[in-house]
Amino acid sequence: APSLAFMGSMTHLFFTGNKIGDAGAKALAPSLAVMRLLTVLSFTDNHIGDEGAIALAPSLAVMGSMERLSFNGNHIGDAGAIALAPSLAVMGSMTTLEF
């Protein structure tokens, strides 16, 4: 995951179907924080639960250009959704949110 930190100009990133789980989400979170230009990010079908969502939330909070964000097919409950909510508020360009 540290190598992602060197890809700050990336605009689309898909982790679809990799089953990264909470541990993978926690490992990716610091590198994602430098990817401020992302407009499309997919975590579809990755077995991410509340712990992973909570870890990702601060990184997502810097992605003001996000247009499409997908968490379909994960196991995010109330605690994870509550953690993600403030991040969504900064995504003024959002057109698609999938849970």
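For the structure, see preceding data.
Peer 1: What exactly am I supposed to notice about the sheet that holds strand β2 (residues 40-42) here?
Peer 2: Across a sheet, strands are paired by hydrogen bonds formed along the backbone, either parallel or antiparallel in direction. Spatially, four strands are ordered β1-β2-β3-β4 in an open sheet, and the strand pairing comes out parallel. Unpaired on one side and paired on the other, β1 (12-14) and β4 (96-98) mark the two borders of the sheet. Averaged over all pairs of adjacent strands, the angle between their axes in this sheet comes to 5°, without regard to strand direction.

Peer 1: Can you walk me through helix α1 (residues 21-32) in this structure?
Peer 2: Here α1 contains 12 residues, and its C-alpha end-to-end distance of 16 Å stays within 8% of the 16 Å for a straight helix at 1.5 Å per residue. The secondary structure elements touched by the buried residues of α1 are β1 and α2 (50-60).

Peer 1: How should I be thinking about the packing of aromatic side chains in this particular structure?
Peer 2: One pair of aromatic rings is described through two measures. These are the centre distance and the angle between the planes. Applying the stated criterion across every chain, the model contains three aromatic pairs. Joined through ring pairs, the aromatic side chains of Phe15, Phe43, Phe71 and Phe99 make up one cluster.

Peer 1: Is there a simple way to explain the packing of α2 against helix α3 (residues 78-89) in this structure?
Peer 2: When two helices pack together, their arrangement is given by the angle between their axes and by how far apart the axes lie. Two numbers describe how α2 lies on α3: the axes approach to 8 Å, and their chain directions differ by 5°. In terms of orientation, α2 lies roughly parallel with respect to α3. Of α3, the residues touching α2 (which contributes Asp50, Ala53, Ile54, Ala57 and Leu60) are Asp78, Ala79, Gly80, Ala83, Leu84 and Ser87. Its residues placed into classes, the contact of α2 with α3 shows seven nonpolar, two polar and two charged.

Peer 1: How should the side chain of threonine 44 be read in this particular structure?
Peer 2: With respect to the element layout, threonine 44 can be found in the loop between β2 and α2. Take threonine 44: its relative accessible area is 14%, and that puts it in the buried class. A polar contact is formed between the side chain of threonine 44 and the side chain of serine 70, at a distance of 2.6 Å. Those residues in contact with threonine 44, other than ones at most four positions away along the chain, are Phe15, Thr16, Gly17, Ser70, Asn72 and Asn74.

Peer 1: Please clarify how the environment of glycine 92 should be interpreted in this entry.
Peer 2: Positionally, glycine 92 belongs in the loop between α3 and β4. Judged by its relative accessible area of 74%, glycine 92 is exposed. Along the sequence, glycine 92 and methionine 66 sit 26 residues apart, while their C-alpha atoms lie 7.7 Å from each other.

Conventions we followed
Residues numbered from 1 in each chain as written. Predicted model: local features only at pLDDT ≥ 70, side-chain atom pairs only at ≥ 80, totals over all residues. Heavy atoms only, no water. Pairing = 2+ DSSP bridges. Helix = DSSP H or I, 4+ residues; strand = E, 2+ residues; numbered from the N terminus. Axes fitted to C-alpha atoms, helices over the stretch in contact; angles between N-to-C directions. Expected span 1.5 Å × (residues − 1). Contact = heavy atoms within 4.5 Å. Phe/Tyr/Trp six-rings, centres within 6.5 Å; stacked < 30°, edge-to-face > 60°. Parallel < 35°, antiparallel > 145°, perpendicular 65-115°, else oblique. Nonpolar A, V, L, I, M, F, W, Y, C, P; charged D, E, K, R; others polar. Buried < 20%, exposed > 50% of the residue type's maximum accessible area, 1.4 Å probe, protein only. Polar contact = N/O pair within 3.5 Å; in protein donor to acceptor, adjacent residues only side chain to side chain.

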